[in-house]
Amino acid sequence: MHKYFAVALCAALAACQTMGGLTVKDYTGKSGQRVVAGQAEPKAEYSCQKLAQEKQDWGLTGNMDKVSAMERVTSVAVDSAPGKGANYAYIMAPASFGIGSLNLNAFSDAQVGYYKCNSLPASAPNIGKAGR
């Protein structure tokens, strides 16, 4: 019985790790520079240095439409990154924490970590255009 639990746990962990890679995409900002952005910190093999971390407005509407808010924050981060010397933006949406249906973090802001990475992987075949 313990073997089956261990196998199921390993499979679930592998699935989460695979899905985590899907949350980071290539974008082209207004400057034309490639920026990798998403909801995962850069991998150690990318050889990154954190340059800055800033708040981005999420607002109450962000809690009602998380997809739209994430797209908006990502677009701002992608366009801001080159001016900071960054080529990777780690987007951190505010956590939903509440009691019942009351979200205690309803007015929290998103955070964006800006990184300069020396060894980003080659561009993905489907390059996203932030906000475009």
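Just above sits the structure.
Caption draft 1: Quick look at the packing of aromatic side chains. Overall, the coordinates contain 2 aromatic pairs when judged by the stated rule. On the numbers, 6.3 Å between centres and 50 degrees between planes, the contact of Y46 with Y88 is tilted. Taken as a pair, Y46 in the loop between β2 (34-38) and β3 (48-56) and Y88 in strand β4 (residues 88-92) lie far apart in primary sequence, 42 residues in all. Assigned by exposure class, Y46 and Y88 land together as buried. The interplanar angle of 90 degrees and the centroid separation of 6.2 Å between the aromatic rings of Y88 and Y115 together place this pair among those described as edge-to-face. One end of the pair, Y88, is in strand β4; the other, Y115, is in strand β7 (residues 110-117), with 27 residues separating them in the sequence. According to the relative accessible area criterion, Y88 is buried, its value standing at 1%. We note K84 situated over the ring of Y114; from NZ or CZ to the ring centre the distance is 5.2 Å.

Conventions used here
- Residues numbered from 1 in each chain as written.
- Predicted model: local features only at pLDDT ≥ 70, side-chain atom pairs only at ≥ 80, totals over all residues.
- Heavy atoms only, no water.
- Phe/Tyr/Trp six-rings, centres within 6.5 Å; stacked < 30°, edge-to-face > 60°.
- Helix = DSSP H or I, 4+ residues; strand = E, 2+ residues; numbered from the N terminus.
- Buried < 20%, exposed > 50% of the residue type's maximum accessible area, 1.4 Å probe, protein only.
- Lys NZ or Arg CZ within 6 Å of the ring centre and 35° of its normal.

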